[in-house]
Every structure is written in structure tokens, then in C-alpha cells.
Amino acid sequence: MNRVRFPVQIGAAGLVLGLLACRPVFAIGWSELVILFLIIAFLLGPLLLKLARAWDAYQKSQKKK
């Protein structure tokens, strides 16, 4: 029984080593970073602005007490 599983273990080890040897390389240039920053700013900007205004209103209400 141990002899039957031996080729399966060798095949699995070969697949794992092959996946580790072929790591993808991600190369991002400045233009991609700028586009990514603009998308993030466009999506999160209004939310952060609303949060900042609410925090400012909360701080002002705490000062009055």
C-alpha cells in the first residue's frame, strides 16, 4: 500500500514545487499608481469628507457642554 501512494506523493511534490518556482511578477508603473490613487480618492473621498464633517460637528457639540 505504501508503494502505491509513492507516485502520487512525487506528483504532488512536483506540482507544489512547480507552483512555487513560477511566482507571478507584478510590475506597476507610475501611471498605474496614479490611476489607482485617483480611483481610491474618488470612491473614498466623499465618505471621508462626510466623516470629517460629522467629527467636527461632534467636537463642537462637546465644547458647548
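Keep in mind that what you see is a predicted model, and the values were worked out from it rather than measured.

Across its full length, the chain carries two helices and zero strands. Taking all 65 residues of the chain together, the buried fraction comes to 0%. Of the accessible surface of the chain, which amounts to about 6,800 Å², a share of 73% is contributed by carbon and sulfur atoms.

To continue, consider the pattern of salt bridges. Following the criterion strictly, the structure yields one salt bridge and no others. A salt bridge links Asp56 to Lys60; the nearest nitrogen and oxygen atoms lie 3.5 Å apart. Residue Asp56 and its partner Lys60 are both found in helix α2 (residues 30-64); the two are separated by four residues, about one turn of the helix.

Right, let's get into the packing of aromatic side chains. Within this structure, the stated rule accounts for one aromatic pair. A ring pair is formed by Trp55 and Tyr58, whose centres lie 5.6 Å apart and whose planes are at 40°; its orientation type is tilted. Within this pair, Trp55 and its partner Tyr58 are both found in helix α2, separated by three residues, close to a single helical turn. Given a relative accessible area of 53%, Trp55 falls into the exposed group. Among the residues examined, Tyr58 registers a relative accessible area of 42% and is labelled partly exposed.

Helix length check: α2, at 35 residues, gives a terminal C-alpha distance of 47 Å against a target of 51 Å (1.5 Å per residue), a fit within 8%. Maximum bend of α2: about 45°, positioned at Leu44, with proline Pro46 one to four residues after it.

Criteria and thresholds
- Residues numbered from 1 in each chain as written.
- Predicted model: local features only at pLDDT ≥ 70, side-chain atom pairs only at ≥ 80, totals over all residues.
- Heavy atoms only, no water.
- Helix = DSSP H or I, 4+ residues; strand = E, 2+ residues; numbered from the N terminus.
- Buried < 20%, exposed > 50% of the residue type's maximum accessible area, 1.4 Å probe, protein only.
- Areas by Shrake-Rupley, 256 points an atom, 1.4 Å probe, with all protein chains shown as cover.
- Salt bridge = Lys/Arg side-chain N within 4 Å of Asp/Glu carboxyl O.
- Phe/Tyr/Trp six-rings, centres within 6.5 Å; stacked < 30°, edge-to-face > 60°.
- Expected span 1.5 Å × (residues − 1).
- Bend = angle between axes of the 7 residues up to and from the residue.

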